Amino acid sequence: MEVPFFSTLRQHQAISEKLEVAFAGFLQKGIFILGDDVSLFEAAFARFHQMPYCTSVANGMDAIFIALKSLNIGKGDEVLVPSHTCFATWLSVSRTGATPVPVEVNPFDFTMDVSRLEAAGTSRTKAIVPVHLYGHPCAMPTMMAIAKKRNWSVVEDNAQSHGATCHQKLTGSWGDLSATSFYPTKNLGAWGDGGAILSRSDSDYQFHQAFRNYGSVQKDIHLMQGVNSRLDELQAAILQIKLPYLSQWNNRRVANANLYHQQLKGVGDLILPSLGNENFHPVFHLYVVQTAYRDHLKEFLGKQGIGTAIHYPTPIHLQAAYRDLGYAEGSLPIAERLSKTVLSLPVWPELEPREVESVCEAIRTFFDRHL
Ligand SMILES: Cc1ncc(COP(=O)(O)O)c(C=O)c1O
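So, here's what we can say about the structure. (Residues numbered from 1 in each chain as written. Predicted model: local features only at pLDDT ≥ 70, side-chain atom pairs only at ≥ 80, totals over all residues. Heavy atoms only, no water.)

### Let's talk about the sheet that holds strand S9 (residues 195-199)
Pairing is mixed in the open sheet, where 7 strands are placed in the order S1-S9-S8-S5-S4-S2-S3. Each edge of the open sheet is held by one strand with a lone partner, namely strand S1 (53-57) and strand S3 (99-103). Mean inter-strand twist for the sheet, computed between neighbouring axes without regard to direction, equals 25°. As judged from the 2 bridges shared by strand S4 (residues 125-128) and strand S5 (residues 153-157), these two strands associate in the parallel manner. Counted as the bridge partner of Ala 127 is Ser 153 from S5. Taken strand by strand, helix H7 (residues 140-150) contacts S4 and S5, and its axis lies near 150° from that of S5. (Pairing = 2+ DSSP bridges. Helix = DSSP H or I, 4+ residues; strand = E, 2+ residues; numbered from the N terminus. Axes fitted to C-alpha atoms, helices over the stretch in contact; angles between N-to-C directions. Contact = heavy atoms within 4.5 Å.)

### Quick word on the site of the ligand
Residues in close proximity to the ligand total 14 residues, the closest being Gly 60, Met 61, Asp 157, Gln 160 and Ser 181. At a separation of 2.8 Å, an oxygen atom of the ligand approaches a polar side-chain atom of Gln 160. Expressed as a share of its isolated accessible area of 380 Å², the protein-covered part of the ligand is 89%. Those elements giving two or more residues to the shell around the ligand turn out to be helix H4 (60-70) and helix H5 (87-95). No other element matches the 3 residues that H4 contributes to the shell around the ligand. Taken together, the residues of the shell around the ligand sort by class into 6 nonpolar, 6 polar and 2 charged. (Near = heavy atom within 4 Å. Polar contact = N/O pair within 3.5 Å; in protein donor to acceptor, adjacent residues only side chain to side chain. Areas by Shrake-Rupley, 256 points an atom, 1.4 Å probe, with all protein chains shown as cover. Nonpolar A, V, L, I, M, F, W, Y, C, P; charged D, E, K, R; others polar.)

### Here's the deal with the environment of Thr 308
When you line up the elements, Thr 308 lands in the loop between helix H11 (294-303) and helix H12 (333-341). In this structure, the C-alpha to C-alpha distance between Thr 308 and Ser 344, residues 36 residues apart in sequence, is 5.6 Å. The residues contacting Thr 308, other than those within four sequence positions of it, are Phe 5, Lys 298, Leu 301, Leu 343, Ser 344 and Leu 345.

### Remarks on the packing of aromatic side chains
Ring pairs (aromatic) are described by centroid distance and by the angle formed between their planes. Within this structure, the stated rule accounts for 17 aromatic pairs. Where Phe 87 meets Tyr 322, the ring centres are 5.6 Å apart and the plane angle is 50°; that geometry is what we call tilted. Of this pair, Phe 87 sits in helix H5 while Tyr 322 sits in the loop between H11 and H12, placing them 235 residues apart in sequence. With relative accessibility at 5%, the residue Tyr 322 sits in the buried group. Judged by centre distance (5.0 Å) and plane angle (85°), the ring pair of Phe 366 and Phe 367 falls under edge-to-face. Just as Phe 366 is buried, Phe 367 falls in that class too. An aromatic cluster of three or more residues is present, and its members are Tyr 293, Phe 300, Phe 366 and Phe 367. Over the ring of Phe 65 we find Arg 95, and its NZ or CZ is 3.9 Å from the ring centre. A cation over a ring is seen here: Lys 169 above Trp 174, with NZ or CZ 4.7 Å from the ring centre. (Phe/Tyr/Trp six-rings, centres within 6.5 Å; stacked < 30°, edge-to-face > 60°. Buried < 20%, exposed > 50% of the residue type's maximum accessible area, 1.4 Å probe, protein only. Lys NZ or Arg CZ within 6 Å of the ring centre and 35° of its normal.)

### Here's the deal with the pairing of S4
Strand direction decides the pairing type here: strand S2 (residues 78-82) and S4, joined by 3 bridges, are parallel. The partner of Leu 80 across the bridge, within S4, is Ile 128. The handedness of the S4 to S5 crossover, carried by H7, is right-handed. (Right-handed = clockwise from strand over helix to strand, strands pointing away.)

### A closer look at the side chain of His 132
Of note, His 132 is situated in the loop between S4 and H7. Only 2.7 Å separates the side chain of His 132 from the side chain of Glu 156, close enough to count as a polar contact. The residues contacting His 132, other than those within four sequence positions of it, are Pro 137, Cys 138, Met 140, Glu 156, Asp 157, Asn 158, Gln 160, Ser 161, Thr 171 and Gly 172.

### Re the packing of H4 against H5
Across the interface, H4 lies against H5 with an axial gap of 8 Å and an inter-helix angle of 40°. Classed by the angle they form, the pair H4 and H5 counts as oblique. Of the two elements, H4 crosses H5, and the hand of that crossing is right-handed. Between H4 and H5, the contacting residues are Met 61, Asp 62, Ile 64, Phe 65 and Leu 68 on the first element and Ala 88, Thr 89, Leu 91, Ser 92, Val 93 and Arg 95 on the second. (Parallel < 35°, antiparallel > 145°, perpendicular 65-115°, else oblique. Left-handed = near helix turned anticlockwise from the far one by under 90°.)

### Regarding the nonpolar core
Tyr 260, Leu 264, Leu 270, Tyr 287, Leu 301, Leu 345 and Ile 363 are the most contacted members of the largest nonpolar core, which totals 27 residues. Counting residues per element, the ones that place at least two in this core are helix H10 (246-264), strand S11 (287-290), H11, strand S12 (342-345) and helix H13 (353-370). Among the elements that make up this core, the one with the highest residue count is H13 (7 residues). Contacts of Leu 270, omitting those with residues within four sequence positions, involve Leu 264, Val 289, Gln 290, Thr 291, Ile 363 and Phe 367. Counting residues in each nonpolar core, the second largest holds 22 residues, with Val 57, Trp 90, Ala 179 and Tyr 322 among its members. (Core = buried A, V, L, I, M, F, W, Y, C linked by side-chain atoms within 4.5 Å.)

This is the structure:
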């Protein structure tokens, strides 16, 4: 049975009537940038997280960058980031002029290992960017306690964990600020690029609102040298329609993860991702297994029409773009091992149990033949 790695087809069929009403409204109103839909979505997204303020922006990388800018982070500063994450996490730090300083992740839930945080800090450290990777919430109570003690700001990168909770509190609502992406594959995905910053203080919010729009909230008055990073009205309208479904879609992802867990436990050399516990509720943006046979397994599944992906095949510290940071191979062994062993299986909400079962069946066949 063919199983695509990701598809929005079934999701959009399920909400097509609402989408059509929104599109028809667009034909009438003809407002495309910074209109009511942007404001309404910002209010809804803030309310969902019980955070006072939300500013939507053009993408997740800009969201992290603008959040860091509002904390006045720049040249000469250091920001702690996970060793294993999306390239954009590090890049948004570098774009401020600050230096990303990697902290190894915990290989069971792929989040920053809080026991390594303090040792990674220096007198130049200004902030931590914890990433709730693959849908797994970071250990936020410990992270926040360390940050408070060391006087570091916390900017959560919640691009992959819309709706996850840590100690019953949503990811994205722990830090001083949080940033997210609405890239189409995300748990809450737009039909193009999009992102948002959640904030607590009016002054941060005012900064974000201006910075994303050439430094301006009032026509022709520019308070700072900002950027053009706006979510468009069409994306905001789609996200408004989708937000009320997020919890139900996340529950489906979790059900798929549970089924994988049941069916793949003890198979081959697979290391399965954590399912969380009463204090950590992941939302499985990705279901990521680890195996020494990763490349062969990927090829085997691909030949049967089963889509998989690798998040991420090259450790960031070994990318040409970060050669100047001077990390050699072997300097971050956990990130390096993960880059060779991780494989993301299809886990999107509308997958049917029989489809997950057929992926598991194919994986069992692979290991029966290879081990
Ligand atoms: C963890 C993480 N951070 C940041 C980003 C950047 O988001 P965007 O692609 O919207 O710029 C992404 C996703 O793509 C991501 O997965």
